[in-house]
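Observations on the model geometry
Below are the chains, spelled out letter by letter.
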Amino acid sequence: MEFTYTPLGTASATPSVYRYPSAHVLNIRGRLFLIDCGEACQIRLRRMGISFLKIDHILISHLHGDHLFGLFGLLSSMAMVGRTSLLNLYGPERLRKTLDFFLEEYGEGVKFQIEFHPLGAMQGPQTILSARNLDIQAFPLRHRIPTYGFLFREHEPELNLRKDLVEKYQLGISEMARLKRGDRVIREDGQCLEPEQFTYRPWEPRSFAYCSDTSVFAELPKWIQGVDLLYHEATFADSEVECARTTFHSTARQAAICARTAGVKRLLIGHFSARYPDLSKLLSEARSEFEAVDIATELTTFEVPLKKY
Ligand SMILES: [Zn+2]
Ligand SMILES: [Zn+2]
């Protein structure tokens, strides 16, 4: 039942000696999702001991090179290590053209199918994947080119029956099934069994949101309301707020205000400008707005713990 997030790269624009370009891995119960694929992503995956063959979903937020230039190297390496299973690729529509070019020019050894899921114009969140135990939504961000954030949310778990009451009321199989579905049971003698009394939710569904690159805007906190873990870009410090505005990026403080407004449980900031080898200023500016914030330190695995009842 793991739910972990590992930043592989948190540099903006160009790689620096301190940080790598954007790439992030989310592990939800053993399924790996790669979000953005900046240069050298495959080296970072190797450093973390993550097999290229285990990644079945890659999500690209936008087509700026610092989020994309590692993709084709990774696809080539996947072919070289003998991948045969389907790979799902999500990204802006225009990515198809680049993908087709890559496959035409360099795709000879690619023996696996790449299913491209284009992200088009959207006004708000849209579900892009609905799997057995989780949903992924994409939503539009505010950047210089079409850019998408992603929200991963586990499904509600099935309700559990209270064992003591199962015995006490001698519940039958169909009564148990109905109560677990959340339906009321009315017995022949008129006795009414309410699902709220007989069942409990065994654990809280967990969630993670990814917002990079973007400037701040009013709707965003509503779309990521209450998530357990938020990765939000924080390219600049307060002193560069005007630069953040003109380049459609955020300051660390703006990321923290967004997290506070959205009522998220924990914020990790990244996508830092190379002008900040030392990130303490960005962290303290963010902390002055929202306490539960940390640097998304590369190659660190952050866990969203399971809250059981
Ligand atoms: Zn970027
Ligand atoms: Zn960008």
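Scroll up for the structure.
1. Digging into the coordination of the zinc ion (ligand 2)
The zinc ion (ligand 2) binds to the protein through His62 (NE2), His64 (ND1), His143 (NE2) and Asp213 (OD); the donor distances cover 2.2 to 2.3 Å. Every donor counted, the four donor atoms about the zinc ion (ligand 2) form angles of 92 to 169 degrees at the centre, which fits irregular coordination. Considered as a linear motif, the donors of the zinc ion (ligand 2) on their single chain read H-x1-H-x78-H-x69-D. In this structure the zinc ion (ligand 1) is found 3.4 Å away from the zinc ion (ligand 2), and Asp213 serves as a bridging donor for the pair. Of this pair, His62 sits in the loop between strand E4 (55–59) and helix H2 (71–80) while His143 sits in the loop between strand E8 (134–140) and strand E9 (148–154); the two residues are 81 residues apart in sequence, bridging distant segments of the chain.

2. As for the sheet that holds strand E5 (residues 87–92)
The strands making up a sheet associate through hydrogen bonds between their backbones, and the pairing can be parallel or antiparallel. Here we have seven strands laid out as an open sheet, ordered E6-E5-E4-E3-E2-E1-E18, and mixed in their pairing. The open sheet has two free edges, formed respectively by strand E6 (114–119) and strand E18 (302–303), since each of these has just one partner strand. Sitting on the sheet, H2 touches strand E3 (31–37), E4, E5 and E6, and the angle it makes with E4 is about 165 degrees. Against the sheet, helix H3 (residues 95–106) contacts E5 and E6, and its axis sits at roughly 160 degrees relative to E6.

3. Focus on the pairing of E6
Of the strand pairs in this sheet, E5 and E6 are connected by six bridges, and their pairing is parallel. Residue pairing for E6: Leu87 is matched across the bridge by Ile114. The handedness of the E5 to E6 crossover, carried by H3, is right-handed.

4. Considering the packing of helix H9 (residues 252–262) against helix H10 (residues 280–287)
Where H9 contacts H10, the axes come no closer than 8 Å and their chain directions differ by 35 degrees. In terms of crossing hand, the pair formed by H9 and H10 is right-handed. On H10, the residues touching Ala252, Arg253 and Ala256 of H9 are Leu282, Glu285 and Ala286. When its residues are assigned to classes, the contact of H9 with H10 shows four nonpolar, no polar and two charged.

5. Structural notes on the pattern of salt bridges
Inspection of the entire model under this criterion finds 19 salt bridges. In this structure, Glu204 engages Arg201 in a salt bridge whose closest nitrogen and oxygen atoms are separated by 2.9 Å. Since its relative accessible area comes to 23%, Glu204 is described here as partly exposed. Classification of Arg201 as partly exposed rests on a relative accessible area of 26%. Residues participating in the shared-partner salt-bridge network are Asp238, Arg253, Arg260 and Glu289.

6. Some thoughts on the nonpolar core
Note on soluble globular proteins: their nonpolar side chains tend to be buried together. Phe139, Leu220, Ile224, Leu230, Leu267 and Ile269 are the most contacted members of the largest nonpolar core, which totals 33 residues. Counting only elements with at least two residues in this core, the list comes to strand E14 (207–211), helix H7 (220–223), H9, strand E16 (266–270), H10 and strand E17 (293–295). Of all the elements, H9 adds the most residues to this core, at six residues. Filtering out sequence-adjacent residues up to four positions away, Leu220 remains in contact with Phe139, Leu141, Cys211, Thr214, His232 and Cys258.

7. Comments concerning the coordination of the zinc ion (ligand 1)
Distances from the zinc ion (ligand 1) to its protein donors, namely Asp66 (OD), His67 (NE2), Asp213 (OD) and His271 (NE2), fall within the range 2.1 to 2.2 Å. Considering all four donor atoms around the zinc ion (ligand 1), the spread of angles at the metal, 94 to 163 degrees, places the coordination shape in the irregular class. Mapped onto the polypeptide sequence, the residues donating to the zinc ion (ligand 1) form the spacing pattern D-H-x145-D-x57-H. Under the relative-accessibility criterion, Asp213 is labelled buried at 1%.

8. Re unusual backbone geometry
Peptide bonds are trans in most cases, and residues, glycine excluded, mostly fall at negative phi. Residues Ser212 and Asp213 are joined by a peptide bond in cis, for which omega reads 0 degrees. Structurally, Asp213 is set in the loop between E14 and H7. In this structure, Asp36 takes a positive phi of about 65 degrees despite not being glycine. Considering the arrangement of structural elements, one finds Asp36 in strand E3. Of note, the phi angle at Leu299 is positive, near 65 degrees, even though the residue is not glycine. Residue placement: Leu299 occurs in the loop between E17 and E18. Residue Leu299 is classed as partly exposed on the basis of its relative accessible area, which comes to 21%.

What counts and how
Residue numbers here run from 1 along each chain, matching the order of that chain's written sequence. Chains carry letters from A onward and ligands carry numbers from 1 onward, assigned in written order. Only residues with pLDDT of at least 70 get local features here, since the model is predicted, and only at 80 or more are side-chain atom pairs given and counted; chain-wide, interface and lining totals rely on the full set of residues. The side-chain quantities take in all heavy atoms of the structure and omit both hydrogens and water. For Na, K and Ca the donor cut-off is 3.2 Å, while for other metals it is 2.8 Å, and in both cases only N, O and S atoms qualify; water is not among them, so sites may look incomplete. Only two sets of limits are used to name each site, 85 to 135 degrees for every angle of a tetrahedral four-donor site, and over 155 degrees for opposite donors with all other angles from 65 to 115 for a square planar four-donor or octahedral six-donor site, with any other site named irregular. Here a helix means four or more residues in a row that DSSP labels H or I, a strand means two or more in a row labelled E, and each is numbered from the N terminus. Paired strands, as defined in this entry, are two strands with at least two bridges between them according to DSSP. Here, two residues are considered to be in contact whenever any of their heavy atoms come within 4.5 Å of each other. For helices, the fitted line uses only the C-alpha atoms of the stretch in contact; every axis is such a line through C-alpha atoms, and the angle between N-to-C directions lies from 0 to 180 degrees. Note on handedness: a clockwise path from strand one over the helix to strand two, with the strands aimed away from the viewer, defines a right-handed crossover. It is the rotation of the near helix from the far one that decides the hand of a crossing: anticlockwise by less than a right angle makes it left-handed, clockwise makes it right-handed. Ten residues, namely Ala, Val, Leu, Ile, Met, Phe, Trp, Tyr, Cys and Pro, are considered nonpolar, four, namely Asp, Glu, Lys and Arg, are considered charged, and the remaining ones, Gly among them, are considered polar. The salt bridge definition used is simple: a Lys or Arg side-chain nitrogen within 4 Å of an Asp or Glu carboxyl oxygen. In this scheme, a residue with accessible area under 20% of its type's maximum is buried, one over 50% is exposed, and one in between is partly exposed, where area comes from a 1.4 Å probe on protein chains only. The set of buried Ala, Val, Leu, Ile, Met, Phe, Trp, Tyr and Cys residues whose side-chain atoms join them within 4.5 Å is what this entry labels a nonpolar core.

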